[in-house]
Amino acid sequence: MQTIDRVADLRAQVRAWRSAGLRVALVPTLGNLHAGHQQLVRRAGELAERTLVSVFVNPTQFGPNEDFERYPRTLDADRDKLRAVGADAVFAPPLAEVYPGGTEEATFVQVPGLSEILCGAARPGHFRGVATVVSRLFNMVQPDLAVFGEKDWQQLLVIRRMTRDLAFPVEVVGVATVREPDGLALSSRNAYLTPEQRSHAPLLSQVLRETAAALGRGRSDYQALESQAVAALERAGFRPDYVVIRDATSLAPPRPNQEPASLRLLAAAWLGSARLIDNVGAN
Ligand code: PAF
């Protein structure tokens, strides 16, 4: 498994694969990889003959008071984890390869509407940074397909819309969230939890599952269900940003008695210094 850090070398490698008739999958990551990322790489390997994983801590998707500086840079360990699941190459570029003119005056990609609600409201500019870096990666790699985790459901929708609107010839594939045995969604940010907080953290997925089950039983008092979920989290020491029931594709509030199969429950909540997010389907 090779590590590439220059766009010119990346393009040469992808060209060689393509001229041999091989399909190329891209798995974009921030690094600090865990079993959830390994699952994305496995899925990519099922769908394409070559899998390239990008490892880049993208500054433009972090807010001024967020964890960009302390986000763990663990390239050697990441490489071991990627090799174990059969990745073909790692693209780990320096900042100047991705943002040749710096980040201040960069050209940005903005997906309106979807980017400003929920996590976008709590983290202004976050999805603009995500859409920008993913569009740059799409242009650099020119993959046949790209694989993203469903844990970041809103991000997946933003990327799908950007891909459609900018006519990228890339198939965007979502992969189900990988969870700990107690239900906690895998996330690099779980490492910020103290042992005490870690013991409470599975409540986030539990509350979402219970709310989903209530919808499945026919309840449609959406606001009451959301308020109950928020209260349950607050009682356990979470500081919720939101717990909402939304249309799974548009993230619009549900219509009265909307079919549960077309709904998604999404939550973001702070536990100590970790901002945890999770989502489940409602069927
Ligand atoms: O989900 C992530 O890890 C990041 O937001 C992504 C898609 C790699 C863009 O930096």
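To be clear, the structure that these remarks concern was listed above.
Residues numbered from 1 in each chain as written. Predicted model: local features only at pLDDT ≥ 70, side-chain atom pairs only at ≥ 80, totals over all residues. Heavy atoms only, no water.

Asker: When you look at the sheet that holds strand 9 (residues 274-281) in this model, what are you seeing that I'm missing?
Answerer: Strands in a sheet are paired, the pairing made by backbone hydrogen bonds, and the direction either parallel or antiparallel. Taking strand neighbours across the sheet as the criterion, the three strands line up as 7-8-9 in an open arrangement whose pairing is antiparallel. If you trace the sheet from one side to the other, it starts and ends with strand 7 (239-247) and strand 9, each paired once. If you compare each strand with its neighbour and ignore which way they point, the axes differ by 10 degrees on average. Judged from the eight bridges that link them, strand 8 (residues 263-271) and strand 9 form a sheet pairing that is antiparallel. The residue bridging A267 from the neighbouring strand is D278, located in strand 9. (Pairing = 2+ DSSP bridges. Helix = DSSP H or I, 4+ residues; strand = E, 2+ residues; numbered from the N terminus. Axes fitted to C-alpha atoms, helices over the stretch in contact; angles between N-to-C directions.)

Asker: Would you explain unusual backbone geometry in this entry?
Answerer: Glycine aside, residues mostly have negative phi angles, and peptide bonds mostly take the trans form. For L118, which is not a glycine, the phi torsion comes out positive at approximately 50 degrees. Among the structural elements, L118 can be located in the loop between helix 4 (95-98) and helix 5 (119-122).

Asker: Any chance you could explain the packing of helix 1 (residues 7-19) against helix 6 (residues 126-141) here in plain terms?
Answerer: The packing of two helices is summarised by the inter-axis angle and the distance between the axes. Interaxial distance between helix 1 and helix 6 falls to 9 Å at its minimum, and their mutual angle equals 55 degrees. Looking at the two axes, helix 1 sits oblique to helix 6. Every residue of helix 6 that contacts helix 1 at V7, L10, R11 and V14 is listed here: N139, M140 and V141. (Parallel < 35°, antiparallel > 145°, perpendicular 65-115°, else oblique. Contact = heavy atoms within 4.5 Å.)

Asker: Even after reading the chapter, I still don't get the packing of helix 9 (residues 203-216) against helix 10 (residues 222-235), so can you show me in this structure?
Answerer: Their axes nearest at 10 Å, the elements helix 9 and helix 10 cross at an angle of 160 degrees. If you check the angle between helix 9 and helix 10, you find them roughly antiparallel. Judged by the twist between their axes, the crossing of helix 9 over helix 10 is right-handed. Taken together, the residues of helix 10 that come into contact with helix 9 (itself represented by L203, L204, V207, T211, A214 and L215) are Y222, L225, A229, A232 and L233. Taken together, the residues of the contact of helix 9 with helix 10 sort by class into ten nonpolar, one polar and no charged. (Left-handed = near helix turned anticlockwise from the far one by under 90°. Nonpolar A, V, L, I, M, F, W, Y, C, P; charged D, E, K, R; others polar.)

Asker: How should I be thinking about the packing of aromatic side chains in this particular structure?
Answerer: Aromatic ring pairs are described here by two measures, namely the spacing of the ring centres and the angle between the planes. Evaluated as defined, the whole model comprises four aromatic pairs. Aromatic side chains F138 and F168 sit 5.3 Å apart centroid to centroid with 85 degrees between the ring planes, which places their arrangement in the edge-to-face category. Of the two residues, F138 sits in helix 6 while F168 sits in the loop between helix 7 (153-165) and strand 6 (171-175), which places them 30 residues apart along the sequence. We note that F138, like F168, is buried. (Phe/Tyr/Trp six-rings, centres within 6.5 Å; stacked < 30°, edge-to-face > 60°. Buried < 20%, exposed > 50% of the residue type's maximum accessible area, 1.4 Å probe, protein only.)

Asker: Before we go on, may I ask you to explain the sheet that holds strand 6 in this structure?
Answerer: Strands sit in the order 1-4-3-2-5-6 across an open sheet of six strands; the sheet is parallel. Of all the strands in the sheet, the pair left with one neighbour each is strand 1 (2-4) and strand 6. Each strand axis lies, on average, 25 degrees off the axis of its neighbour in the sheet, ignoring direction. Pairing geometry for strand 2 (residues 24-29) and strand 5 (residues 145-149), over two bridges, is parallel.

Asker: Sorry if this is basic, but what is going on with the site of the ligand here?
Answerer: Taken together, the residues surrounding the ligand are P28, T29, L30, Q61, V130, V133, F148 and Q155. Take Q61: an N or O atom from its side chain is 2.6 Å from an oxygen atom of the ligand. Take Q155: an N or O atom from its side chain is 2.7 Å from an oxygen atom of the ligand. At the level of secondary structure, the elements contributing two or more residues to the shell around the ligand comprise strand 2 and helix 6. In terms of residue class, the shell around the ligand is built from five nonpolar, three polar and no charged. (Near = heavy atom within 4 Å. Polar contact = N/O pair within 3.5 Å; in protein donor to acceptor, adjacent residues only side chain to side chain.)

Asker: What am I meant to see in the environment of R179 here?
Answerer: By secondary structure assignment, the location of R179 is in the loop between strand 6 and helix 8 (195-200). C-alpha of R179 to C-alpha of Q228: the two residues are 49 residues apart in sequence and 24 Å apart in space. In this structure the side chain of R179 is engaged in a polar contact, spanning 2.9 Å, whose partner is the side chain of D278. At 3.5 Å, the side chain of R179 forms a polar contact with the backbone oxygen of N279.

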